[in-house]
Amino acid sequence: MGSETKKAVTLGSFDGLHRGHMSVIACAFDLQKKCGLSPLTLLFDSHPMLTIMNNAPAKIMQDEIRDELLAEIGVERHIISFREIKDMSCREFFEKILIGRLNAGGVCCGWNYRFGKGNEGGCNVLSKLCAEYGLELEIAPPIDFDGSPISSTRIRRAIESGDITLANSMLGREFRYRLIVSDGDHRGRLMGAPTINQHFEPGFIHPKRGVYASMTVLDGKIYPSVTNIGLRPSFENEDYRSETCILGFEGDLYGQIVEVRLLQFIRSEIRFDSMEDLGKQIRKDAEKSKEIFNNRGVSGNV
């Protein structure tokens with residue numbers, strides 16, 4: 001890399017790009033201003049726990065959305081195999097990867113960052129190595145929400161319990177997913193509320209079953225929508241899915257990739273005795289969702 005601009009390398013899992021992760025990335029922009037270093041985020045090809053325990057936590061953000069968000073704020077990405085580094089000592093990782101491969105002139109990490117074989121090193125070890133090699137170091141303090149540090153684990157719990165408002169507050173943006181629209185049974189169309197059906201990818205988090213106020217992005221335009229996630233108990237033999245009614249939109253989206261963003265949990269799933277009762281409830285849910293959409297605040301994206 002020699003003559004290339006030295007990098008301000010951000011270290012961490014970045015598995016949701018939540019507000020804590022974004023504070024680490026903000027440190028890289030500080031080093032860019034102070035030292036002329038170019039921000040770069042080191043990413044893993046898969047969650048480290050998949051390699052260590054053969055079982056990773058559920059994903060709360062798809063890789064393509066993460067990569068787009070990083071590109072939008074002007075951060076270069078470097079993806080590495082965790083298998084390649086998992087048995088490296090702290091010094092070996094620092095010398096071979098950070099300096100040798102990434103041309104690091106500075107390093108940024110969170111207050112609880114661990115690295116090296118068996119997570120042997122923390123910020124104190126990183127600080128000594130940076131001092132030895134003349135690298136800048138910035139350590140981001142914890143970002144608290146409701147008295148506890150924001151973490152991907154807390155966000156997962158919030159999503160799985162249906163507290164999307166809390167999850168969005170910690171993420172700094174709406175929880176979202178971008179999935180292909182699969183062919184449904186067209187029951188919604190028969191009730192005057194055509195919907196799109198989407199199935200979650202393996203390993204992606206399953207939000208609590210129920211109805212959510214949502215918004216849907218189509219060709220750069222945002223529509224209010226209402227989303228049912230779960231098994232649709234009014235019908236037999238249903239599989240877990242996201243089913244979204246896009247308010248004010250008409251058209252066939254089958255086979256297209258569509259992004260849905262959840263805003264607020266409205267109610268749990270209910271079994272209805274008739275299509276008429278279900279249709280009435282869908283109209284109520286749509287009105288509630290439109291109200292939530294119109295009153296939503298500005299997302300706290302860093």
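Just above, that's the structure.
So, here is what we can say about the structure in this document. (Residues numbered from 1 in each chain as written. Predicted model: local features only at pLDDT ≥ 70, side-chain atom pairs only at ≥ 80, totals over all residues. Heavy atoms only, no water.)

This part covers unusual backbone geometry. Even without being a glycine, Phe14 presents a positive backbone phi close to 50 degrees. Assessed through its relative accessible area of 1%, Phe14 is described here as buried. Residue Asp219 is not a glycine yet carries a positive backbone phi of 50 degrees. Tracing the chain through its elements places Asp219 in the loop between β10 (210-218) and β11 (221-230). (Buried < 20%, exposed > 50% of the residue type's maximum accessible area, 1.4 Å probe, protein only. Helix = DSSP H or I, 4+ residues; strand = E, 2+ residues; numbered from the N terminus.)

A few words now on the packing of aromatic side chains. The final tally for this structure, using the stated rule, is eleven aromatic pairs. Aromatic pair Phe200 and Tyr240: ring centres 5.7 Å apart, planes at 45 degrees, arrangement tilted. Pair noted here: Phe200 is in the loop between β9 (195-198) and β10 and Tyr240 is in the loop between β11 and β12 (241-246), with a separation of 40 residues, a long-range link. There is no split in this pair, since Phe200 and Tyr240 are both buried. Taken together, a centroid distance of 5.2 Å and an interplanar angle of 80 degrees make the contact between Tyr212 and Phe265 edge-to-face. Within this pair, whereas Tyr212 is found in strand β10, its partner Phe265 is found in strand β13 (residues 257-267), the two being separated by 53 residues in sequence. Residue classification places Tyr212 among the buried residues on the basis of a relative accessible area of 0%. Among the aromatic residues, those joined into a cluster by ring pairs are Phe175, Tyr177, Phe200, Phe204 and Tyr240. Looking at Arg296, its charged tip hangs above the ring of Phe293, at a distance of 4.1 Å from the centre. (Phe/Tyr/Trp six-rings, centres within 6.5 Å; stacked < 30°, edge-to-face > 60°. Lys NZ or Arg CZ within 6 Å of the ring centre and 35° of its normal.)

Let us now look at the pattern of salt bridges. Tallied over the full model, the rule gives 21 salt bridges. Between Lys59 and Asp63 there is a salt bridge, with the nearest N and O atoms lying 3.0 Å from each other. A salt bridge links Arg176 to Glu174, with the nearest nitrogen and oxygen atoms 3.1 Å apart. Residue classification places Arg176 among the buried positions, given a relative accessible area of 10%. Three or more residues joined by partner-sharing salt bridges are found here, namely Glu68, Glu174, Arg176, Arg178, Glu259 and Arg261. (Salt bridge = Lys/Arg side-chain N within 4 Å of Asp/Glu carboxyl O.)

Okay, the side chain of Glu269 next. Inspection of the secondary structure puts Glu269 in the loop between β13 and α10 (275-294). A polar contact is formed between the side chain of Glu269 and the side chain of Arg209, at a distance of 2.9 Å. For Glu269, the side chain forms a polar contact with the main-chain nitrogen of Leu231, separated by 2.9 Å. (Polar contact = N/O pair within 3.5 Å; in protein donor to acceptor, adjacent residues only side chain to side chain.)

To continue, consider the layout of surface pockets. Roughly 1100 Å³ of volume is contained in the largest pocket. Lining of the largest pocket is provided by 43 residues; of these, Gly12, Ser13, Asn112, Tyr113 and Arg114 occupy positions nearest its centre. When residues of the lining of the largest pocket are traced back to their parent elements, those giving at least two are α1 (19-35), β2 (38-44), α2 (48-53), α4 (82-85) and α7 (152-160). Tallying contributions element by element places α1 first for the lining of the largest pocket, with four residues. (1 Å grid on protein atoms, 1.4 Å probe; cavity = no way out; pocket = protein on both sides within 12 Å on 5 of 7 lines; lining within 4 Å. Points joined across faces, edges and corners; volume = space filled by probe spheres on them.)

To continue, consider the sheet that holds strand β4 (residues 104-110). The five strands lie next to each other as β3-β2-β1-β4-β5, forming an open sheet whose pairing is parallel. Two strands in the sheet have a free side with no partner beyond their single neighbour: β3 (76-80) and β5 (136-140). Recorded for the sheet is a direction-independent mean angle of 25 degrees between the axes of neighbouring strands. (Pairing = 2+ DSSP bridges. Axes fitted to C-alpha atoms, helices over the stretch in contact; angles between N-to-C directions.)

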